[in-house]
Amino acid sequence: MAKQGRRHTSPGALQSIEWGHISEAEYLREEARMKELRGELLATTPAPAIQLRGLLDAWQLGDGVTRRELLAALFDHLHVSEGKIVGYTAR
């Protein structure tokens with residue numbers, strides 16, 4: 001914006017921030033798009049929340065994604081040998 005008291009303006013800058021800078025047709029298209037998007041967002045059903053009381057609940061009740069997220073939150077690295085966790089690097 002303004003640097004050391006100087007202002008840089010581009011041609012048409014004032015008109016772009018005044019009312020009426022888009023046509024009525026553009027406004028109506030954007031309004032219809034936003035209404036459609038709002039309807040889609042209202043129609044989506046949020047995923048049910050799992051009530052957790054601790055890490056064990058999170059592990060036992062969670063799916064594979066939840067378990068991977070839990071591991072990622074707790075450890076930087078898991079050291080695996082022959083399919084078994086043999087060590088870890090905590091966060």
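The structure under discussion appears in the preceding block.
In this report, the structure presented in the accompanying data block is examined. Just so it is clear, the model here is predicted, and its values are computed rather than measured. (Residues numbered from 1 in each chain as written. Predicted model: local features only at pLDDT ≥ 70, side-chain atom pairs only at ≥ 80, totals over all residues. Heavy atoms only, no water.)

Some details on the pairing of strand E1 (residues 75-81)
Side-chain direction in a regular strand flips from residue to residue, so the side chains alternate between the two faces of the sheet.
Next, step 1: Bridge count between E1 and strand E2 (residues 84-90): 6 bridges; the pairing is antiparallel. Bridge pairing in E2 places Phe-75 opposite Ala-90.
Next, step 2: Between E1 and E2, which pair antiparallel one after the other, the connecting turn spans 2 residues, and Glu-82 there sits at a positive phi close to 50 degrees. (Pairing = 2+ DSSP bridges. Helix = DSSP H or I, 4+ residues; strand = E, 2+ residues; numbered from the N terminus.)

Some remarks on the pattern of salt bridges
Next, step 1: Under the defined criterion, the tally for this structure stands at 4 salt bridges.
Next, step 2: One salt bridge connects Glu-30 with Arg-33, and the closest N-O pair in it is separated by 2.7 Å. Of this pair, Glu-30 and Arg-33 both sit in helix H2 (residues 24-43), 3 residues apart, which is roughly one turn of that helix.
Next, step 3: Among the residues examined, Glu-30 registers a relative accessible area of 36% and is labelled partly exposed.
Next, step 4: Residue Asp-76 pairs with Arg-91 through a salt bridge whose shortest N-O separation is 2.8 Å. Pair noted here: Asp-76 is in strand E1 and Arg-91 is in the segment after E2, with a separation of 15 residues, a long-range link.
Next, step 5: Looking at Asp-76, the relative accessible area reads 39%, which means it is partly exposed.
Next, step 6: The exposure class assigned to Arg-91 is exposed, which follows from its relative accessible area of 61%. (Salt bridge = Lys/Arg side-chain N within 4 Å of Asp/Glu carboxyl O. Buried < 20%, exposed > 50% of the residue type's maximum accessible area, 1.4 Å probe, protein only.)

Things to note about the packing of aromatic side chains
Next, step 1: Applying the stated criterion across every chain, the model contains 1 aromatic pair.
Next, step 2: Note that Arg-67 overlies the ring of Trp-59, its terminal NZ or CZ placed 4.9 Å from the centroid. (Phe/Tyr/Trp six-rings, centres within 6.5 Å; stacked < 30°, edge-to-face > 60°. Lys NZ or Arg CZ within 6 Å of the ring centre and 35° of its normal.)

Regarding a nonpolar patch on the surface
Next, step 1: A cluster of nonpolar residues, Leu-78, Val-80, Ile-85 and Tyr-88, forms a patch on the protein surface that exposes about 410 Å² of accessible area.
Next, step 2: If you list the elements that add at least two residues to the nonpolar patch, you get E1 and E2.
Next, step 3: Positionally, Val-80 belongs in strand E1.
Next, step 4: Accessibility expressed as a relative area gives 55% for Val-80, which makes it exposed. (Patch = residues over 30% accessible without salt bridge, like charges linked within 9 Å, V, L, I, M, F, W, Y side chains within 5 Å. Areas by Shrake-Rupley, 256 points an atom, 1.4 Å probe, with all protein chains shown as cover.)

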